[in-house]
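Inside the fold
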Amino acid sequence: MGKPDARRSPWNLSTAPDPERWDDWVELDAAAWPRRVERHYRCIPTICFNCESACGLLAFVDKETGEVRKFEGNPVHPGSRGRTCAKGPATINQVQSPERILTPLRRVGPRGSGRYEKATWDEALDEIGGRIAAAFDEGRHDEVMYHVGRPGDDHFVPRMLTAWGIDGHNSHTNVCSASARTGYALWFGADRPSPDYAQAKFILLLSAHLETGHYFNPHAQRIIDAKSEGARIAVIDTRLSNTSTHADHWVPTWPGSEAALLLGVAHRLLATDRFDAEFVERWTNWRETLAAVDPGGDGTFERFVAWLKRRYAEFTPEFVAEECRIPADTVDKLADEIAAAGGRFASHLWRNAASGNLGGWQIARALMLLHVLTGSVGRPGGVNPNSWDKFVPKPSDSPPPIERWNELIWPREYPLAHYEMSFLLPHLLRQQDKKLDVYFTRVYNPVWTNPDGCSWIEMLEDEERVGCHVALTPIWSETAQWADWVLPMGLGPERHDLMSQETHAGTWIGFRQPVGREFRRLETGSPVDTTLGSNPGEVWEEAEFWIALTWRIDPDGALGIRRWFESKSKPGQPRSLDEYYADIFDHNVPGLPEAAAEAGLTPLEYMRRYGAFEVPYAGQRRYEKDDAGFPTPSGRLEVFSQTLSEWGHADQALPGYLRSHVHWRELDDRRGEMVLLPTFRLPTLIHTRSGNAKWLQEISHTNPLWVHPADAERIGLVNGELARVRTAIGYFVPRVWVTEGIHPGVVACSHHVGRWRIHRDDGGDKLSTSLVDIERKERSFLFRQKQGLTPFESRDPDTRRVWWSEVGVNQNLTFPVQPDPVSGMHCWHQKVVVEPADGEDRYGDVFVDTAAAEKVYRDWLARTVPAPGPGGLRRPTWLNRPLHPAKQCYQLKNE
Ligand code: SF4
């Protein structure tokens, strides 16, 4: 493990201290100034939970009080290398928040009434476990569902659901990244890229990886490393993001036209013979492609190249300029940069254009075509399949695959979806006339985050549809307001998880651990059985909760479930997390036992001591080894996708350009339609969980509507005044921000704020929510803020110092679901009409008609090509799923 620059004294603040100083790190107490009072800390590594990057954190635990005083970066973490973004250190705000939930809560009034009483974990386990056991006993397995927003772990819960034998894993992927995943998976089997930014010469970002991307801090530091070495950067983004300001080129394409630009670049590379013919011939499925598109030809590679040139010849600079509404010379500028970089061309596309647009997955395919042409796949400075750089070790024993297929999660209308059709749940329950008996939401807030949140409210308040809603959350959320149980799960530094991410061309694992528990173990010298008691209040860690719940479901082992969580050293006892992780670290992480032995530690002690381990890297160009190729049906990078062709999308079987639902030709000028970009994040916020992080809230708390000056003048909008933004199912009322940082004809609004609660004292952090009234008429909802943010009393004096009052608008409520018929991705961009607010409108108003939302759902459903596909399958067997059912479950016709 590489040694960082050491912080040898409290006066050098550039990096955290070296591990050999972690047992007794001394700093002067700033609060005692001007007296020089020493504070002694034990530094304990853990992993940040505030986005999926899994950066290493170092908790500074005061040896006198046992309290965590601050978090810094863990200098020996191979992904983050001691650095964090603003959200990492703000973990301390979340830990110390006076508003956090500290005990299990059970609903006592009607659902949504805000009336809860304190309960014990035993009561929660008995009731929830009893319900699940009854559902399993009666064969109602599909009525138990776990719905996760931010997993923060790589295997524990999927393994548990597999042990339970249910197809009950639901996720947030289809409101996040399904589109890009589809495009990448169709090319190289892995559903995301792992760019080797540090060695790149040219970096093309259709993302915000320098400010908020996936994976923000680890990627940003490597992009800047490359820039320091002379790499050049281009950013394709309709909005002038922070990332764009670091780029050599900012290319503000019309939303959804990005594939046209990328194919225009491909055309120029091909037309000028600046491509890696050897790579294309060796590693693409050009033979299958030619057989499909030119069946009567001579089948030679030369003929394939000639066909490829013709195929993309229509994407001339002039065509691109018209489609994208950018200068025509942009195409050659990008082509020249990419050609000059050759194999050292890195890029990323994750949310941004892919998640906004109908057919966004074709943008990922067009982008990958450029990598294939330049041979910048799996080579230094290019993009790796993420599966090369992410490493997920598991316990030595694994339950057999599930033998069920849950159509509430995997409906037959979306056979190629990546992955679960999570955001359609209210519609699917109604359409399939089904119910959920136990519905877990876990770090998941669909009422606020998802499109069409009012349909979620209707679903959650209907006890015939959702029998018991259990919100597993460290913080109140809009969704938790309609929970029957609110169970306080540990924050990042209060739980165990194992994580690995594809942050660079390298492999590592990171070990999140509850720092209070580890502090106690180190101070007392004896093992600690459970995190209960080491965390604040009654806060428990999730893995231990799941193990305990599994034992309540299967108390005597008769269901064959609990054995997967039974101790091997103490038969008949639940497996402890020490035993669980020791098994993984002892047997399934190459190089770790040796490194631990060298340090005089067991592998588990090593991970508790350092928090991360750099797994020996298997290197790049892995497809060359034994002609391994890629995990696609052809074993090659797929220019032509037989899968798309066979599953009803033959017209899209090649990388192509699909006009988005918000393409400028699709807009009705007579109605004054514009495009709304609602997808951008604020770099210092974390969706729901930053609601109680006071530093972050002070930095970012509003989401004004970005409007170009020409549009503001045309529409009559005034900077700082209110606008009404009308969507297909309602409207919202934000403030206007007039800026040249947005393409004319397009408006933008961040989705990261606009939090609300319906009860004065419960159901939402006062620090980040407005108090709202919801006026209901049949299926319409009018949200009106009756109180913005005001200073308030708490045990934290800073809550009396709040100086801002507006906390944004929950625009996502006003969006209908718009699932892409191939990827299943919610197409976030909206056609809207923007106008000055009328006299009745107030800041933060939101109006929604859920009957209209249901109609839009049906309109988009009509575009799908449902299963069965070839062989009567529900889904191609080679496409990934987070939870793998047995092969026979893929058969639809055998039912
Ligand atoms: S990028 Fe920031 S929020 Fe994400 S894991 Fe790293 S420090 Fe935490």
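Numbering of residues starts from 1 in each chain and follows the order in which that chain's sequence is written. Given that the model is predicted, a residue must reach a pLDDT of at least 70 before its local features are reported, and side-chain atom pairs must reach 80 or more before they are shown or counted; all residues, however, enter totals for whole chains, interfaces and linings. To obtain the side-chain values, all non-hydrogen atoms of the structure were used and water was disregarded.

**Side note on the confidence of the model for the protein**
The condition that has to hold: One number per residue, pLDDT, summarises how confident the predictor is, and it ranges from 0 to 100. Note on definitions: a residue-residue contact is assigned when non-hydrogen atoms from the two residues lie within 4.5 Å.
Taken residue by residue, the protein gives an average pLDDT of 95. The fraction at 70 or more is 98%. Confidence drops under pLDDT 50 across residues 1-5; counting only partners more than four residues distant or on other chains, this segment forms 12 contacts.

**Some details on helix 13 (residues 361-374)**
Put simply, the rule is: Numbering of helices and strands runs from the N terminus, with a helix taken as a DSSP run of H or I at least four residues long and a strand as a DSSP run of E at least two residues long. Any helix carries an expected span of 1.5 Å times its number of residues minus one. Partly exposed residues are those whose accessible area sits between 20% and 50% of the maximum for their type, while under 20% is buried and over 50% is exposed, using a 1.4 Å probe and protein chains only.
With 14 residues, helix 13 should cover 20 Å at 1.5 Å per step; its first-to-last C-alpha distance of 21 Å lies within 8% of that length. Most of helix 13 sits out of view: 14 of its 14 residues are buried. Phi turns positive, to about 70 degrees, at Gly375, one or two residues after helix 13.

**A few points about the sheet that holds strand 19 (residues 507-512)**
For clarity, the cut-off: Paired strands are those between which DSSP finds at least two bridges. Convention adopted: a line fitted to C-alpha atoms gives each axis, helices being fitted over their contacting stretch, and angles between N-to-C directions are expressed from 0 to 180 degrees.
Here we have 3 strands laid out as an open sheet, ordered 18-19-20, and antiparallel in their pairing. Taken across any chain shown, the strands that pair with only one partner, and hence form the sheet edges, are strand 18 (497-499) and strand 20 (612-615). Strand after strand, the sheet turns through a mean of 15 degrees between neighbouring axes, direction not considered. Pairing of strand 18 with strand 19, which is carried by 3 bridges, proceeds in the antiparallel orientation. For Asp497, the partnering residue across the bridge sits in strand 19 and is Arg512. The sheet strands contacting helix 22 (residues 603-610) are strand 19 and strand 20, and the helix crosses strand 20 at an angle near 115 degrees.

**Considering the state of the cysteines**
Note the cut-off: The criterion for a disulfide is a pair of cysteine sulfur atoms lying within 2.5 Å.
Tallied over the entire structure, the rule returns 0 disulfides. Note on Cys43: no disulfide assigned, nearest cysteine sulfur contributed by Cys48 at a separation of 17 Å. You can call Cys43 buried: its relative accessible area is 4%.

**Focus: the sheet that holds strand 17 (residues 485-487)**
A sheet is described by the order of its strands in space; here 7 strands give the open sequence 6-5-17-16-15-7-8, paired in mixed fashion. Strands at the two margins of the open sheet, each flanked by one partner only, are strand 6 (116-118) and strand 8 (169-170). Of the strand pairs in this sheet, strand 7 (residues 144-148) and strand 8 are connected by 2 bridges, and their pairing is parallel. Each residue of the ladder has a partner; that of Tyr146, found in strand 8, is His169. Strands in contact with helix 2 (residues 121-137) are strand 5 (105-107), strand 7, strand 15 (436-442), strand 16 (466-472) and strand 17; relative to strand 17, the strand with the most contacts, it is inclined by about 120 degrees.

**Some words on the packing of helix 3 (residues 156-164) against helix 19 (residues 542-553)**
Keep this limit in mind: For classification, angles of less than 35 degrees are called roughly parallel, those exceeding 145 degrees roughly antiparallel, those between 65 and 115 degrees roughly perpendicular, and all remaining angles oblique. We call Asp, Glu, Lys and Arg charged. Ala, Val, Leu, Ile, Met, Phe, Trp, Tyr, Cys and Pro are nonpolar, and the rest, Gly among them, are polar.
It is the contact of helix 3 with helix 19, at a shortest axis distance of 11 Å, that shows an interaxial angle of 5 degrees. Considering their axes alone, helix 3 and helix 19 lie roughly parallel with respect to each other. Counted together, Phe156, Val157, Met160 and Trp164 of helix 3 and Glu542, Ala543, Trp546, Ile547, Leu549, Thr550 and Ile553 of helix 19 form the full contact between these two elements. Its residues placed into classes, the contact of helix 3 with helix 19 shows 9 nonpolar, 1 polar and 1 charged.

**Remarks on the pairing of strand 15**
Counting buried positions along strand 15 gives 7 out of 7 residues, so the element sits mostly inside the fold. Note that strand 7 and strand 15 share 5 bridges and pair parallel. Within strand 15, the residue paired with Met145 across the bridge is Tyr439. Of the pairings in the sheet, the one linking strand 15 to strand 16 comprises 6 bridges and is parallel in character.

**Section: the site of the ligand**
Which entries qualify depends on this criterion: Near residues are defined by distance, with any heavy atom within 4 Å of the molecule or strand qualifying the residue.
Taken together, Cys48, Asn50, Cys51, Ser53, Ala54, Cys55, Thr84, Cys85, Lys87, Gly88 and Asn217 make up the full set of residues adjacent to the ligand. For the shell around the ligand, a count of residues per class yields 5 nonpolar, 5 polar and 1 charged.

**Section: the side chain of Glu494**
Going by this rule: Whenever two N or O atoms come within 3.5 Å, that pair is a polar contact, provided that in protein one can donate a hydrogen and the other can accept it, and provided that, for residues adjacent in sequence, both atoms are side-chain atoms.
One can find Glu494 in the loop between strand 17 and strand 18. A distance of 2.8 Å separates the side chain of Glu494 from the side chain of Arg100, its partner in a polar contact. Contact partners of Glu494, with chain neighbours within four places excluded, come to Val95, Arg100, Pro514, Asn535, Pro536, Val539 and Glu541.

**What about the packing of aromatic side chains?**
Between two aromatic rings, the relevant description is the distance of the centres plus the angle of the planes. Let me state the cut-off plainly: Each pair of aromatic rings taken from Phe, Tyr and Trp, with Trp reduced to its six-membered ring, is defined by centres within 6.5 Å and is described as stacked if the planes are under 30 degrees apart, edge-to-face if over 60, and tilted in the remaining cases.
Under the counting rule described, the total for this entry stands at 43 aromatic pairs. Aromatic pair Phe136 and Trp164: ring centres 6.2 Å apart, planes at 70 degrees, arrangement edge-to-face. Of the two residues, Phe136 is situated in helix 2 and Trp164 in helix 3; the sequence distance between them amounts to 28 residues. Consider the rings of Trp756 and Phe783, whose centres lie 5.1 Å apart with planes at 65 degrees: the pair is edge-to-face.

**Comments concerning the side chain of Glu541**
Let me state the cut-off plainly: Positive charges come from Lys and Arg alone, negative charges from Asp and Glu alone, with His and the N- and C-terminal ends not counted. For this document, the term salt bridge refers to a Lys or Arg side-chain nitrogen within 4 Å of an Asp or Glu carboxyl oxygen.
Among the structural elements, Glu541 can be located in the loop between helix 18 (515-524) and helix 19. We note that Glu541 is buried and unpaired, the nearest opposite charge coming from Arg517 at a distance of 4.1 Å.

**Some points on the packing of helix 2 against helix 19**
What counts here: Take the far helix as the reference: if the near one is turned anticlockwise from it by less than a right angle, the crossing is left-handed, and if turned clockwise, right-handed.
In the contact formed by helix 2 and helix 19, the axes pass within 8 Å of each other and the chain directions differ by 55 degrees. With respect to helix 19, the element helix 2 is oriented oblique. Crossing of helix 2 over helix 19 shows right-handed handedness. Each of Trp121, Asp122, Leu125, Asp126, Ile128, Gly129, Ile132, Ala133 and Phe136 in helix 2 lies in contact with helix 19, whose residues at this interface are Phe545, Ala548, Leu549, Arg552 and Ile553. For the contact of helix 2 with helix 19, the class distribution of residues is 10 nonpolar, 1 polar and 3 charged.

**Things to note about the pattern of salt bridges**
Under the defined criterion, the tally for this structure stands at 82 salt bridges. Between Arg755 and Glu478 there is a salt bridge whose closest N-O contact spans 2.9 Å. Of this pair, Arg755 sits in strand 27 (residues 755-757) while Glu478 sits in the loop between strand 16 and strand 17, and the two are 277 residues apart along the sequence. Exposure class is identical for Arg755 and Glu478. Each is buried. For the salt bridge of Glu624 with Arg621, the shortest nitrogen-to-oxygen distance reads 3.8 Å. Taking relative accessible area as the criterion, Glu624 reaches 37% and is therefore assigned partly exposed. Owing to a relative accessible area of 36%, Arg621 belongs among the partly exposed residues under this scheme. Shared partners join several salt bridges into a network, and the residues in it are Arg131, Glu138, Arg140, Glu143, Lys435 and Asp437.

**A few points about a negative patch on the surface**
How we decide: Each patch is built from residues lacking any salt bridge and having more than 30% relative accessible area; the joining distance is 9 Å for like charges and 5 Å for nonpolar side chains (Val, Leu, Ile, Met, Phe, Trp, Tyr). Reported accessibility uses the Shrake-Rupley method at a 1.4 Å probe radius. Residues are deemed covered only where the shown protein chains occlude them. A charge is said to be at NZ when it belongs to Lys, at CZ for Arg, at CG for Asp and at CD for Glu.
Together, Glu278, Glu281, Asp298 and Glu302 line one region of the surface with negative charge. Here Glu281 is to be found in helix 7 (residues 277-283).

**Overview of helix 11 (residues 329-341)**
One turn of an α-helix holds 3.6 residues; hence residues three or four places apart share an orientation. Here is the rule we go by: The directions from the helix axis to the C-beta atoms form the arc being described.
Along its 13 residues, helix 11 runs 19 Å from first to last C-alpha, staying within 8% of the 18 Å computed at 1.5 Å per residue. The set of residues buried in helix 11 consists of Thr330, Val331, Leu334, Ala335, Glu337, Ile338 and Ala341. One side of helix 11 carries all its buried residues, which in axial view fall inside an arc of 165 degrees. Just beyond helix 11, the residue with positive phi is Gly342, at close to 55 degrees.

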